[in-house]
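Per-entry structural report
In case you want the letters, here they are:
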Amino acid sequence: MTAQAKVFGVFGDPIAHSLSPVLHNAAFKALNLPYHYVPFHVPQGGLKEAVAAILALGIQGANVTIPHKEAIIPFLSTISEEAKKIGAVNTVEVSDGQLIGRNTDGPGFLMSLSEANINPAGLRVILLGAGGAARGVAVSLLNANISELRIVARSAERRRKLTDDLCALFPHIRISEPPFGKDSLDVPTLLINATPLGMHQGDPLPYPQSRIYPHFVVADLVYNPLKTPFLLVAVTVGARIVPGSGMLLHQAALSFEIFTKQKAPLEAMRTALLTALENKKG
Ligand code: NAP
């Protein structure tokens with residue numbers, strides 16, 4: 001590594017499991033860029049100092065993961081409209097000494113749908129979970145003109161808060177939580193798992209198989225394993241599926257483009273991601 005090398009990184013706690021270094025370093029290598037992407041273990045109490053270090057050490061851009069996506073906002077110069085609506089940041093752009101917070105999670109999810117030839121406009125969405133990822137995906141889907149959003153989550157308080165926040169931002173779209181009104185079974189529907197269920201062997205399904213229909217598109221944000229039990233059940237039913245690896249790939253590609261102002265080498269990043277996930281399995 002020379003003094004001319006540019007350094008990027010990801011802040012999180014824990015951080016060892018993050019696949020962001022694999023994705024970004026593969027992109028740098030593919031484009032022959034003398035850049036390096038480093039996983040930074042930033043414990044909760046150390047976030048303010050870590051953000052100050054971005055400018056102090058000349059770090060050229062950073063991603064942010066659990067548990068810092070919301071807590072980082074007060075330490076940044078400004079945040080994008082999308083990040084403001086979501087209330088979370090996953091990408092910090094460094095520009096003229098300013099730290100700009102952005103969120104590429106939701107747009108990355110939309111790109112994974114687009115890659116599967118799915119246009120969310122007009123779809124009814126059933127969203128499982130009310131955490132940070134659910135919030136990001138919901139804002140992007142509502143911006144993309146879905147017809148209705150139903151939020152299913154075990155914590156009534158978190159579910160209500162997400163529903164209220166989204167209703168205030170998108171008053172023209174029907175956003176509801178159970179109990180839902182009369183159901184029409186033939187409405188084109190996108191069913192999304194935004195809970196961690198499926199990451200561990202023996203996890204229950206996040207939604208009953210009996211309520212998944214062949215005309216559904218079923219997306220899972222869980223990316224390890226690549227084909228979760230939820231997706232395998234959806235295939236059995238005859239539904240189309242969108243694995244979480246697509247969102248992971250595209251949110252990283254969008255961050256890469258914000259950092260470098262260059263087009264991301266998508267196929268090199270995809271190969272690196274799939275290899276890393278395959279190795280994790282082994
Ligand atoms: P989070 O903020 O902790 O939210 C998790 C949500 O799932 C909450 O609504 C939580 O409910 C619910 N939940 C947790 N355990 C559950 C269980 N056993 N049964 C039912 N519901 C449960 O997490 P997050 O950041 O939103 O992440 C959610 C998942 O998305 C994770 O698996 C993460 O790896 C994945 N993700 C993937 C990508 C990608 O690029 N593919 C990006 C971001 C996140 P409570 O509030 O009641 O705990």
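Residues numbered from 1 in each chain as written. Predicted model: local features only at pLDDT ≥ 70, side-chain atom pairs only at ≥ 80, totals over all residues. Heavy atoms only, no water.

1. Brief notes about the sheet that holds strand E2 (residues 35–41)
The strands that make up a sheet pair up through hydrogen bonds in the backbone, lying either parallel or antiparallel. The strand order across the open sheet formed by 6 strands is E2-E1-E3-E5-E6-E4, and the pairing between neighbours is mixed. Two strands close off the open sheet at either side, each with one partner strand: E2 and strand E4 (78–79). Across 5 bridges, the pairing between strand E5 (residues 91–95) and strand E6 (residues 98–102) is antiparallel. Note on E6: the bridge partner recorded for Val92 is Gly101. Strands in contact with helix H2 (residues 47–57) are strand E1 (6–12), strand E3 (61–64), E5 and E6; relative to E1, the strand with the most contacts, it is inclined by about 170°. Its contacts with the sheet put helix H8 (residues 244–260) on E1, E2, E3, E5 and E6, and the angle it makes with E5 is roughly 10°. (Pairing = 2+ DSSP bridges. Helix = DSSP H or I, 4+ residues; strand = E, 2+ residues; numbered from the N terminus. Contact = heavy atoms within 4.5 Å. Axes fitted to C-alpha atoms, helices over the stretch in contact; angles between N-to-C directions.)

2. Quick word on the domain arrangement of the chain
Each assigned domain of the chain is listed here: domain 1 (6–103 + 248–281) and domain 2 (106–242). In this structure, domain 1 and domain 2 have C-alpha centres spaced 25 Å apart. Listed by partner, the interface residues are 14 residues for domain 1 and 16 residues for domain 2. Roughly 1,400 Å² of surface becomes buried between domain 1 and domain 2 when both sides are summed, with 64% attributable to carbon and sulfur atoms. Counting across the interface, domain 1 meets domain 2 through 1 salt bridge. A salt bridge links Glu115 to Arg270, with the nearest nitrogen and oxygen atoms 2.8 Å apart. Mapped by element, the contributors of at least two residues to the side of domain 1 that touches domain 2 are helix H3 (81–86), H8 and helix H9 (266–281). With 5 residues, H9 is the largest single contributor of residues to the side of domain 1 that touches domain 2. Of the residues contributing to the side of domain 1 that touches domain 2, the split by class is 7 nonpolar, 3 polar and 4 charged. (Domains from an automatic or database assignment. Buried area = accessible area lost by both parts, 1.4 Å probe. Salt bridge = Lys/Arg side-chain N within 4 Å of Asp/Glu carboxyl O. Nonpolar A, V, L, I, M, F, W, Y, C, P; charged D, E, K, R; others polar.)

3. Some thoughts on helix H5 (residues 132–143)
Taking 1.5 Å per residue as the helical rise, H5 with its 12 residues ought to reach 16 Å, and the 17 Å between its terminal C-alpha atoms agrees with that figure. Where burial is concerned, most of H5 is hidden: 9 out of the 12 residues are buried. Here H5 has its buried residues at Ala134, Arg135, Gly136, Val137, Ala138, Val139, Ser140, Leu141 and Leu142. One or two steps after H5, the chain reaches Asn145, where phi turns positive at roughly 65°. (Expected span 1.5 Å × (residues − 1). Buried < 20%, exposed > 50% of the residue type's maximum accessible area, 1.4 Å probe, protein only.)

4. Digging into the side chain of His24
Note on placement: His24 falls in helix H1 (residues 20–30). Relative accessible area serves as the criterion here: at 0%, His24 is assigned to the buried category. A polar atom in the side chain of His24 sits 3.4 Å from the side chain of Asn63. For His24, the residues in contact, after removing those within four places along its chain, are Tyr37, Asn63, Ala252, Ser255, Phe256 and Phe259. (Polar contact = N/O pair within 3.5 Å; in protein donor to acceptor, adjacent residues only side chain to side chain.)

5. Re empty space enclosed by the protein
According to the stated counting rule, one finds 1 cavity of 30 Å³ or more in the structure shown. Of the volumes computed, that of the largest cavity is approximately 30 Å³. Considering the residues around the largest cavity, the lining is formed by Leu197, Gly198, Asp203, Pro204, Leu205, Pro206, Pro229 and Phe230. Grouping the amino acids of the lining of the largest cavity by side-chain chemistry returns 6 nonpolar, 1 polar and 1 charged. (1 Å grid on protein atoms, 1.4 Å probe; cavity = no way out; pocket = protein on both sides within 12 Å on 5 of 7 lines; lining within 4 Å. Points joined across faces, edges and corners; volume = space filled by probe spheres on them.)

6. Here's the deal with the pattern of salt bridges
The final tally for this structure, using the stated rule, is 13 salt bridges. Measuring nitrogen to oxygen at the nearest pair gives 3.0 Å for the salt bridge that ties Glu267 to Arg270. One end of the pair is Glu267 and the other is Arg270, both in helix H9 and 3 residues apart, which spans about a single turn. One salt-bridge network, in which partners are shared between bridges, spans Arg159, Arg160, Asp164 and Glu177.

7. Describing the packing of aromatic side chains
Following the criterion strictly, the structure yields 7 aromatic pairs and no others. Ring centres 5.7 Å apart and planes at 80° place the aromatic pair Phe11 and Phe40 in the edge-to-face group. Here Phe11, found in strand E1, pairs with Phe40, found in strand E2; they are 29 residues apart in sequence, far enough to count as distant. Among the residues examined, Phe11 registers a relative accessible area of 3% and is labelled buried. Between Phe28 and Phe256, the ring centres sit 5.8 Å apart and the planes meet at 40°, which makes this aromatic pair tilted. A residue pair is termed long-range when its members are at least 10 positions apart, and Phe28 in helix H1 and Phe256 in helix H8 qualify at 228 residues. Pairwise contacts between aromatic rings join Phe8, Phe28, Tyr35, Phe256 and Phe259 into one cluster. (Phe/Tyr/Trp six-rings, centres within 6.5 Å; stacked < 30°, edge-to-face > 60°.)

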